[in-house]
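Secondary and tertiary structure notes
The chain contents come next:
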There are 2 protein chains.
Amino acid sequence: MDMAFPLAPLLMKLGMVSTSDHASVVSMNIFVALLCACIVIGHLLEENRWMNESITALIIGLCTGVVILLFSKGKSSHILVFSEDLFFIYLLPPIIFNAGFQVKKKQFFRNFMTIMLFGAVGTLISFVIISLGARELFKKLDVGSLDVADYLAIGAIFSATDSVCTLQVLNQDETPLLYSLVFGEGVVNDATSVVLFNAIQSFDLSHIDSSIALQFVGNFFYLFVTSTMLGVISGLISAFIIKKLYFGRHSTDREVALMILMAYLSYMLAELFYLSGILTVFFCGIVMSHYTWHNVTEGSRVTTKHAFATLSFIAEIFIFLYVGMDALDIEKWRFVSSSPGKSVGVSSILLGLVLVGRAAFVFPLSFISNLAKKSAHEKINLKQQFTIWWAGLMRGAVSMALAYNQFTRLGHTQLRGNAIMITSTITVVLFSTGVFGLMTQPLIRLLLPSSKHLSRTLSSEPTTPKSIITPLLENGQHDSEAGLSGYDIPRPTSLRMLLSTPSHTVHHYWRKFDNAFMRPVFGGRGFVPVVPGSPTDKAEKDLK
Amino acid sequence: MDMAFPLAPLLMKLGMVSTSDHASVVSMNIFVALLCACIVIGHLLEENRWMNESITALIIGLCTGVVILLFSKGKSSHILVFSEDLFFIYLLPPIIFNAGFQVKKKQFFRNFMTIMLFGAVGTLISFVIISLGARELFKKLDVGSLDVADYLAIGAIFSATDSVCTLQVLNQDETPLLYSLVFGEGVVNDATSVVLFNAIQSFDLSHIDSSIALQFVGNFFYLFVTSTMLGVISGLISAFIIKKLYFGRHSTDREVALMILMAYLSYMLAELFYLSGILTVFFCGIVMSHYTWHNVTEGSRVTTKHAFATLSFIAEIFIFLYVGMDALDIEKWRFVSSSPGKSVGVSSILLGLVLVGRAAFVFPLSFISNLAKKSAHEKINLKQQFTIWWAGLMRGAVSMALAYNQFTRLGHTQLRGNAIMITSTITVVLFSTGVFGLMTQPLIRLLLPSSKHLSRTLSSEPTTPKSIITPLLENGQHDSEAGLSGYDIPRPTSLRMLLSTPSHTVHHYWRKFDNAFMRPVFGGRGFVPVVPGSPTDKAEKDLK
């Protein structure tokens, strides 16, 4: 790191990574060295209950921004120009795929309806409140020229919760219900926000009537269903190919390469057909962990488990490091410096709207969700509702990427109104990640002091990437043995049961179907022949 | 794949991947799908003794090129513009790092002097012969305007053997001596070619005298030593950080991420200081496998082993797929089509020079190398010399990248002479990889029919990535137990021994130093405390 700094004056003329400029080599060196520093410092701060890797990366990014600002004599604070493509094509897919790959499937599907309610309906409520609120409140501030599309875009931008940060703050093992609700909501919410945003940019918004609204809703459901199907089909194809072709002889490298490439292909196919790549790659991850993962060698299993988690981990740190560094970009702040009060006002209004917008759907929708549930321990109590509300307040890289898309051209801000919106987005992201993010862990400890939670706090750090805490084999067991310590699931045997506990019954029939048809075709735990083509390292060694 | 083709007309206007154009999404889809197809088809053809993954990828690339050519009505044949950066910054580092990480260190260092002789002196001889030969022979062909620098560049371009293809054709377990010689030479040769090429572009070549030649040699040794040192130091730093910080508690994701990032950082640092990144990352790989790899958890070990091999595997297929696709680029062939005989003549001359240039150093240098060796089984016999000569005839992606750098601007060919050079390079690469590559395996079977080799042929396919054939633990054992079945190494005990077998004695003192100083500081096999911070998955689970 130190070696790179004498060359800092070069930083002024930096652009994209993909130029053969020597300056871009300098910036890549600094960036990679900073990533290493984030990992080491994050590890050292692991014991600290307030910190997590996201916040460490944000702070290191901010500090580096200051250093670069000083070296370049106030001309620049970042070493890479933020590119939406970098984010949406390279950084987001591994994060979301890994989330799907490591998610506890049982827990996720059990709460499927609630998750959909929060992710789709909740995001729409939040979007409407933020859009309308911003239009009403900004009028008094004279923010600059913003039209209807801009206000709707603001609604979509600030409805996108940060699932990356949520993953780092909540713990899948400690608070499984909350984790699956908040994280599942995050994934659906990301998709909803992106769909909303794209809809705003493509629809004619000069005259909104009921037919356009209907078209909008239809479009959303079409996108949701097709994206999910694409992900499921991609996952099944990968399982089928690996099961059929690799029967009798295995090659770990080919299996791992094929899994990575098929997962990425599913994302790119979704982008190709203008679907939601986030939803697709998430469901592809779920299917791959349920089928494909069981068809490969022991070595491939360990490798994919850790390699996907590592890629996701690096991508997360990369994003937060970048956001921290970019926050000080001088060009954006120049417009704002003449009227600092206005920027503070806009940021405060947006933060308030985010708080209100989220409260407006978490509590009512929790009430509706609770009505449908019979057993008391499945209901979401008030403390849990409060935690869900709080944990989803963070705004992150998706908001940044959408704001850049709407309010800038090629990373530069021309109009005063646009500059204010960009700086306000940065402020909201920094404030929500910093303040809300920092306070989430203590809040959970305060509100939900379960005995399990307290006993694990000292030995297991909530900031450690989740996948590693869960031992590898446990995942498979969870899959079959319910994995929900604390209460029993009644086996549904009659129509009365079907009506009272629909999701359990659906799950029961799904298991039957899975065992009778899906697993024999696509492989999966217990359905891969043991000899001689068994996917174990030992068998592989014998064959080779 | 099929889904992507109806959109083929879009392919005409494709550029770089990093544009937000929807067309680039199409091209990425096709490319990723083709990579998947290469893996699957490569696996199916594994039994075939003539094929390997490189040639499969080349052929698939060529076929795709034809299809795209038809769909775009003869306007374009490739879907990604070849970028030198893509190759040198993203694809080459994982391949070379993995080679260093998986190389049998003992064998490599035993033949160190021979490897250096072949890689450095041999490449220089080849370079001089090809440069002079091309200047003399091209005069009669009226090739277009080529100056002294161009001829020297041609020498450097066609001296770069293809270590990627060599890795796929030779087998580390079957022919360890040949593998280490040819592969080791390939790495040093890559570095030499790149150094030569850079020297040609920076030195004033209008008046070559002895002082410039001396400067040139000095420059080369400086680059070699500093690049190696940088790689070794980077590797040691990674070992030290992981050993010190992670004592007592481990996080697999962080370890894997840190290893990947440190390896990449070493490459980028070398590029930053205008050193040879290839040499740096190769030695970083060696040091990491000797120290760092032993300091991490069992999960990290399996993951890094396979993840590096997989990354390298994908990068290799990517390169060959691209080279195959790019071979049909219409723009380059337009200049040539008017005088097809000339292009064939130039290609033939270059192929002939490659054959002569390599023969001119392999046989004399083998003779010199044999003089220094006492025991008969360490000498390189004539059959082995022939195999070394043959296996190094392939020209690959490094030659392509250097040719693009010298003869094109932004991927387009303006001058007739340049266009002929590019098409000739493509022809030489295709021909040498296709013909020489295809014939190497049968040739080795014919010339070196060892019993071990024959018995393994049916069960172990030489085209399978090497790392997988070698079981994980075996690597560590090879390290300590010589791993050279067939003959014993005499333990040197006196000065007489030092004089007769210098490399063995150096090795003996290195082991002493390694055990007494290096391993206690940097970790390594047997020098990582077993309890309680033992790098095993079990201990990790207990702690968490």
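Residues numbered from 1 in each chain as written. Chains lettered and ligands numbered in written order. Predicted model: local features only at pLDDT ≥ 70, side-chain atom pairs only at ≥ 80, totals over all residues. Heavy atoms only, no water.

1. Thoughts on the overall build of chain A
Quick reminder of the rule: Secondary structure counts use DSSP, requiring at least four H or I residues in a row for a helix and at least two E residues in a row for a strand, with both numbered from the N terminus. Relative accessible area decides the class of each residue, using a 1.4 Å probe on protein chains only: under 20% of the type maximum gives buried, over 50% gives exposed, and in between gives partly exposed. We call two residues contacting when some pair of their heavy atoms lies within 4.5 Å. We get accessible surface area from the Shrake-Rupley algorithm with a probe of 1.4 Å; when it comes to residues, only the shown protein chains can shield them.
Within chain A, the regular secondary structure consists of 23 helices and zero strands. Across the 544 residues of chain A, 63% fall into the buried class. In chain A, the share of contacts with a sequence separation of at least 24, taken over all contacts with a separation of at least 6, comes to 82%. Carbon together with sulfur atoms contributes 69% to the accessible area of chain A, which is approximately 20,700 Å² in total.

2. Re the confidence of the model for chain A
All names here are of chain A. Which entries qualify depends on this criterion: The predictor's confidence in any single residue is recorded as pLDDT, a number from 0 to 100.
A residue-level look at chain A finds 73% of positions with pLDDT of 70 or above and a mean pLDDT of 74. Taking the mean pLDDT of every element in chain A, the minimum, 34, falls on helix H19 (residues 466-469) and the maximum, 91, on helix H10 (residues 252-272). We note a pTM of 0.79 for the whole complex and an ipTM of 0.78 for its interfaces.

3. Regarding the nonpolar core
Applicable threshold: Only buried residues count toward a nonpolar core. Its members are Ala, Val, Leu, Ile, Met, Phe, Trp, Tyr and Cys residues joined through side-chain atoms within 4.5 Å.
By size, the foremost hydrophobic cluster in this structure holds 278 residues, and its most contacted members are Phe 138 and Ile 154 of chain A together with Phe 138 and Ile 154 of chain B. What Phe 138 of chain B contacts, discounting residues up to four positions off in sequence, is Val 143, Leu 146, Tyr 151, Ile 154, Val 346, Ile 349, Leu 350 and Met 421 of chain B.

4. Some remarks on the environment of Ala 191 of chain A
All names here are of chain A. By the element assignment, Ala 191 lies in helix H8 (residues 176-202). Overall, the relative accessible area of 3% leaves Ala 191 in the buried class. Along the chain, Ala 191 and Phe 224 lie 33 residues apart, while their C-alpha atoms are 8.2 Å from each other. Contacts of Ala 191, omitting those with residues within four sequence positions, involve Ser 276 and Leu 279.

5. Let's talk about the packing of aromatic side chains
Here is the rule: By convention, a stacked pair of Phe, Tyr or Trp rings (six-membered ring in the case of Trp) has centres within 6.5 Å and planes under 30 degrees apart, an edge-to-face pair has planes over 60 apart, and any other such pair is tilted. Both a distance and an angle decide whether a charge sits over a ring: NZ of Lys or CZ of Arg must be within 6 Å of the ring centre and within 35 degrees of the ring normal.
Counted under the stated rule, the structure contains 43 aromatic pairs over all chains. Arranged with centres 5.5 Å apart and planes meeting at 85°, the rings of Phe 282 of chain B and Phe 283 of chain B form a pair that is edge-to-face. One exposure class covers both Phe 282 of chain B and Phe 283 of chain B, and it is buried. Within the aromatic cluster, the residues linked to one another by ring pairs are Phe 363, Phe 386, Trp 389, Trp 390, Phe 431 and Phe 436 of chain A. The ring of Trp 293 of chain A carries the charged tip of Arg 301 of chain A above its face, separated from the ring centre by 5.8 Å.

6. Description of the pattern of salt bridges
What counts here: Throughout this description, the term salt bridge denotes a Lys or Arg side-chain nitrogen within 4 Å of a carboxyl oxygen of Asp or Glu.
In this structure the tally under the stated criterion is eight salt bridges over all chains. For the salt bridge of Lys 139 of chain A with Glu 136 of chain A, the shortest nitrogen-to-oxygen distance reads 3.8 Å. Exposure remark for Lys 139 of chain A: the relative accessible area of 58% places this residue in the exposed category. On the accessibility criterion, Glu 136 of chain A (43% relative accessible area) is partly exposed. In this structure, Glu 185 of chain B engages Arg 358 of chain B in a salt bridge whose closest nitrogen and oxygen atoms are separated by 2.9 Å. Here Arg 358 of chain B lies in helix H14 (residues 340-371) and Glu 185 of chain B lies in helix H8 (residues 176-202), a separation of 173 residues in the sequence. By the burial criterion, Glu 185 of chain B is buried, and Arg 358 of chain B matches it.

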